[in-house]
Amino acid sequence: MTLEEVGRRYAVAVSPHLLSLVNPADPDDPIARQFLPSLEELNTLPQELADPIGDTAHSPVAGIVHRHPDRVLFKAVAACPVYCRFCFRREMIGPGHDNALSKTDFEAALAYVAVHPEIREVILTGGDPFILSPRRIAEITQRLADIAHVQTIRWHTRVPVTDPARVTDDTVAALQAPGATSWVAVHANHAREFAPEARRAIGRLVDGGIPLVSQSVLLKGVNDDVETLADLMRAFVENRIKPYYLHHPDLAPGTAHFRLGIEDGLALMRVLRARISGLAMPAYMLDIPGGFGKVPLESHNVEKTATGHRIRDGRGVWHDYPPSP
């Protein structure tokens, strides 16, 4: 087994900015662990899924995932400037996949949103939509804002911390259009990702009037101790980003080395909650495999069993969840 095999199976790309943050003297560097390929990725377990959160089952037209009544995912691109080694869409993005929706599919996606008045929020994802040009971002923003029932446009991105030079004044202007409010969810997993360049990119967004929330993934060997998590959440708040979601890692192929048990995550949350302010506390979330939606794990929706856990979805249906490897 070689790293070339990993590259043939999954997309690999690391920005020069991220490489500058890696400490080559540290074999357990948390930046390197997130972005540099590992032979461990060639180990696929039976419970791992090509589509772990069930996007396909809820995709009425290309580019749209309509899992919840009042909001949809709009997958405008299938490429990123960097590729996380734990990505839950790693079977769907990168080389070998269409990098963007065709004009026909793009128009069909907008038409779907337009004829469903229950949709109040559209979440731009992919891939990373911030790799799009400001012109294209502005077009998407305006087209969505022109739909009367769309009130919120949310952009999910890692670009402010992985390739911050892409966040320009033109990008900020492109996110704004009369008729809807744009939010940006910034994904970071370690406080060291908030380098000076990242802080300036984030400041550009906030000072430009864009409200920010966070997304993170609880990752073994990256942030699975309370001190690291506390530093991360405080870094978000310091940079005017409201901590929002801390995701339990998904059952994506070749990612077992990143996963810890739900009980371990819950134990961390109990200590973290006593350590940091409510302003800095995220919700610990699990996307139930198969497309049954997200649930907060610090709740009555989780029961420990002899073989793992049972998780209750938003409709009250229970689902078995496997133990960590």
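My aim in this report is to walk through the structure given alongside it, one point at a time. Counting of residues starts from 1 at the beginning of each chain's written sequence and follows it residue by residue. In view of the model being predicted, local features appear only for residues whose pLDDT reaches at least 70, and side-chain atom pairs are presented and counted only at 80 or more, with totals across whole chains, interfaces and linings using the full set of residues. By convention in this description, side-chain values take in all heavy atoms of the structure and omit both hydrogens and water.

**A look at the overall build of the protein chain**
Then comes step 1: The way it works is that DSSP assigns letters per residue, a run of H or I at least four long becomes a helix, a run of E at least two long becomes a strand, and they are numbered from the N terminus. Of the regular secondary structure elements, the protein chain holds 10 helices and 12 strands.
Then comes step 2: The quantity called the radius of gyration is restricted to C-alpha atoms. Its globule counterpart is 2.2 Å times the number of residues to the power 0.38. Radius of gyration (C-alpha) of the protein chain: 19 Å, near the 20 Å computed for a compact globule of 325 residues.
Then comes step 3: Dimensions of the protein chain along its principal axes, counting C-alpha atoms only, are 50 × 45 × 45 Å.
Then comes step 4: Taken across its 325 residues, the protein chain has 55% of its residues classed as buried.
Then comes step 5: Taken as a whole, the protein chain presents about 13,700 Å² of accessible surface, with 54% of it coming from carbon and sulfur. Exposure is judged per residue with a 1.4 Å probe applied to protein chains only, and the accessible area is read against the type maximum: over 50% gives exposed, under 20% gives buried, and values in between give partly exposed. Only the protein chains shown count as cover for residues, and all accessible areas are computed by the Shrake-Rupley method using a 1.4 Å probe.

**Quick look at the pattern of salt bridges**
Then comes step 1: A pair is scored as a salt bridge if a Lys or Arg side-chain nitrogen falls within 4 Å of a carboxyl oxygen belonging to Asp or Glu. Evaluation of the coordinates by the stated rule reveals 22 salt bridges.
Then comes step 2: Between Arg-275 and Glu-227 there is a salt bridge, with its nearest N and O atoms 3.9 Å apart. Taken as a pair, Arg-275 in helix 10 (residues 262-275) and Glu-227 in helix 9 (residues 226-238) lie far apart in primary sequence, 48 residues in all.
Then comes step 3: On the basis of relative accessible area, Glu-227 is assigned to the partly exposed category, the value being 45%.

**A closer look at the pairing of strand 5 (residues 181-187)**
Then comes step 1: For strand 5, a buried count of five out of seven residues is recorded, marking the element as mostly surrounded by other parts of the structure.
Then comes step 2: Think of it this way: DSSP has to see at least two bridges between two strands before they count as a pair. Sheet analysis places strand 4 (residues 152-157) next to strand 5, joined by six bridges and oriented parallel. The residue of strand 5 that forms the bridge with Trp-155 is Val-184.
Then comes step 3: By the bridge criterion, four bridges tie strand 5 to strand 6 (residues 212-217) in an arrangement that is parallel. Counterpart to His-187 in the pairing with strand 6 is Gln-215.
Then comes step 4: Handedness of the β-α-β unit built from strand 5, helix 8 (residues 196-207) and strand 6 comes out right-handed. When the strands point away from the viewer, a crossover counts as right-handed if the path from the first strand over the helix to the second runs clockwise.

**Thoughts on the packing of aromatic side chains**
Then comes step 1: The aromatic pairing rule takes the rings of Phe, Tyr and Trp, using the six-membered ring of Trp, and pairs them if the centres are within 6.5 Å, calling planes under 30 degrees apart stacked, those over 60 edge-to-face and the rest tilted. With the rule as written, the count across this model stands at five aromatic pairs.
Then comes step 2: Sitting over the ring of Tyr-10, Arg-90 keeps its end group 3.6 Å from the ring centre.
Then comes step 3: A ring is considered to have a charge above it if a Lys NZ or an Arg CZ atom is located within 6 Å of its centre and within 35 degrees of its normal. Directly above the aromatic system of Phe-106 lies the positively charged group of Arg-136, at a separation of 4.1 Å from the ring centroid.

**Examining the pairing of strand 4**
Then comes step 1: Most of strand 4 sits inside the fold, with six of its six residues counted as buried.
Then comes step 2: Going residue by residue along strand 4, you find Thr-152, Arg-154 and His-156 tucked away on one face and Ile-153, Trp-155 and Thr-157 tucked away on the opposite face as well.
Then comes step 3: As defined by bridge partners, strand 3 (residues 121-125) adjoins strand 4 across four bridges and the pair is classed as parallel. Counterpart to Leu-124 in the pairing with strand 4 is Trp-155.
Then comes step 4: On the question of chirality, the crossover connecting strand 3 to the parallel strand 4 by way of helix 5 (residues 134-145) is right-handed.

**Brief notes about helix 4 (residues 103-114)**
Then comes step 1: The length a helix should cover is 1.5 Å for every residue beyond the first. Look at helix 4: 16 Å from first C-alpha to last across 12 residues, which is about the 16 Å you get at 1.5 Å a residue.
Then comes step 2: A contact between two residues is defined here by any heavy atoms of the two lying within 4.5 Å. On its buried face, helix 4 is in contact with strand 1 (64-68), strand 2 (71-75), strand 3 and helix 5.

**Here's the deal with the environment of Tyr-112**
Then comes step 1: Counting through the fold element by element, Tyr-112 comes out in helix 4.
Then comes step 2: Expressed as a C-alpha distance, the spacing of Tyr-112 and Ile-64, which sit 48 residues apart in the sequence, is 8.2 Å.
Then comes step 3: When neighbours within four sequence positions are excluded, Tyr-112 is seen to be in contact with Pro-60, Val-61, Ile-64, His-66 and Ile-119.

**Notes on a nonpolar patch on the surface**
Then comes step 1: Patches were defined on residues exceeding 30% relative accessible area and lacking a salt bridge, with like-charge contacts within 9 Å and nonpolar side-chain contacts (Val, Leu, Ile, Met, Phe, Trp, Tyr) within 5 Å. Among the surface-exposed residues, Met-1, Leu-3 and Leu-39 lie close enough to one another that they form a single nonpolar patch of about 320 Å² accessible area.
Then comes step 2: Mapped onto the elements, Leu-39 comes out in the loop between helix 3 (30-35) and strand 1.
Then comes step 3: Using a relative accessible area of 37% as the deciding quantity, one classes Leu-39 as partly exposed.

**Some remarks on the sheet that holds strand 12 (residues 318-321)**
Then comes step 1: Across the sheet, which stays open at both edges, the three strands sit in the order 10-11-12 with antiparallel pairing between neighbours. The open sheet terminates on both sides in strands that have one partner only, identified here as strand 10 (302-305) and strand 12. Going from strand to strand, the sheet's axes swing by 25 degrees on average, the running direction of each strand aside.
Then comes step 2: By the bridge criterion, four bridges tie strand 11 (residues 308-312) to strand 12 in an arrangement that is antiparallel. Between the N-to-C directions of two axes lies an angle of 0 to 180 degrees, each axis being a line fitted to C-alpha atoms and, for a helix, fitted only over the stretch in contact.

**Re the sheet that holds strand 3**
Then comes step 1: Strand order in the open sheet made by the nine strands is 1-2-3-4-5-6-7-8-9, with mixed pairing throughout. The sheet terminates laterally at strand 1 and strand 9 (294-296), the two strands that pair on one side only. Strand-to-strand twist across the sheet, computed as the mean angle between neighbouring axes with direction ignored, equals 25 degrees.
Then comes step 2: In this sheet, strand 2 lies alongside strand 1 in antiparallel orientation, the contact comprising three bridges.

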